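Overview (structure and organization)
Chain by chain, the residues run as shown.
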Amino acid sequence: MEKLNIGIILGSTRQGRVSPQVGKWAKEIADKRGDANYEILDIADFKLPFLGEGTGNEPGLKAWSEKLTSLDGFVFIVSEYNHSISGALKNALDSARDEWNNKAAGIISYGSTGGARAAEHLRGILGELLVADVRVHPTLSLFTDFTNFSEFTPSDLHENNVNLMLEQVIAWSGALKTLRK
């Protein structure tokens, strides 16, 4: 059976962001499983124009669309800014449409309240894009899982939750792949 392709999407582009640390950690856990091909997608690398600006032919838009099309599911690394997701992530979500449809996603969030409010906003957006988000949702606290709010030092208990989330992402991604054939 062919392995599924799962993108780990870094949802922040801000200076000093910690999403690359969290994404690397999540990928290390995922790679140990051997059940899918996992890759990190940094939305900053695509240099997406704001929705409605530009010509619509920017190279980043085409590359973003092609990358999303090639994936069966996603894990979003979501930081909470002002009780929601970052503007860059919202723009990245809105910069594609059909490429998201009938795929599954897990969410790993972080913030002062574990990023829970951002994750809830993301769930509503994913529903509109026909992405099935899974139930298990690892939440990371800026107070206990980061040193000086900048160095990621996760508690060991989070690894189990990430694995449970990935089990659900793989199961749903595989089931939804049948709808896309």
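The present account deals with the structure reproduced in this document.

Some details on the nonpolar core
In this structure, Ile9, Trp64, Phe76, Leu93 and Trp100 are the most contacted members of the largest nonpolar core, which totals 27 residues. Counting only elements with at least two residues in this core, the list comes to α2 (43-46), α3 (59-69), β3 (73-79), α4 (87-94), β4 (103-111) and α5 (116-128). It is α5 that provides the largest number of residues to this core, a total of five residues. Setting aside residues up to four positions removed in sequence, Phe76 forms contacts with Ile9, Leu89, Leu93, Trp100, Ala105, Gly106, Ile107, Ile108, Leu122 and Leu126.

What about α5?
Along its 13 residues, α5 runs 19 Å from first to last C-alpha, staying within 8% of the 18 Å computed at 1.5 Å per residue. All of the buried residues in α5 are Ala118, Ala119, Leu122, Arg123, Ile125 and Leu126. Considering only its buried residues, α5 is in contact with β3, α4, β4 and β5 (131-133). Of the residues one or two after α5, Leu130 is the one with positive phi, at around 60°.

Remarks on the pattern of salt bridges
Across all of its chains, the model carries 14 salt bridges by this definition. Across the pair Arg123 and Asp133 runs a salt bridge, and its minimum N-O distance is 2.3 Å. Of this pair, Arg123 sits in helix α5 while Asp133 sits in strand β5, and the two are 10 residues apart along the sequence. By relative accessible area, which is 17% here, Arg123 ends up buried. A cluster of three or more residues bridged by salt bridges with shared partners is formed by Asp72, Lys177 and Arg180.

Thoughts on unusual backbone geometry
Despite not being glycine, His83 shows a phi value in the positive range, around 70°. One can find His83 in the loop between β3 and α4. Within the chain, Asn102 stands out as a residue other than glycine whose phi angle is a positive 55°.

Brief notes about the pairing of β3
Most of β3 sits inside the fold, with seven of its seven residues counted as buried. Judged from the five bridges that link them, strand β1 (residues 4-10) and β3 form a sheet pairing that is parallel. Its bridge partner being in β3, Leu10 is matched across the sheet by Ile77. Pairing of β3 with β4, which is carried by seven bridges, proceeds in the parallel orientation. Bridge pairing links Ile77 to Ile108 in β4.

Parameters and conventions
Residues numbered from 1 in each chain as written. Predicted model: local features only at pLDDT ≥ 70, side-chain atom pairs only at ≥ 80, totals over all residues. Heavy atoms only, no water. Core = buried A, V, L, I, M, F, W, Y, C linked by side-chain atoms within 4.5 Å. Buried < 20%, exposed > 50% of the residue type's maximum accessible area, 1.4 Å probe, protein only. Helix = DSSP H or I, 4+ residues; strand = E, 2+ residues; numbered from the N terminus. Contact = heavy atoms within 4.5 Å. Expected span 1.5 Å × (residues − 1). Salt bridge = Lys/Arg side-chain N within 4 Å of Asp/Glu carboxyl O. Pairing = 2+ DSSP bridges.

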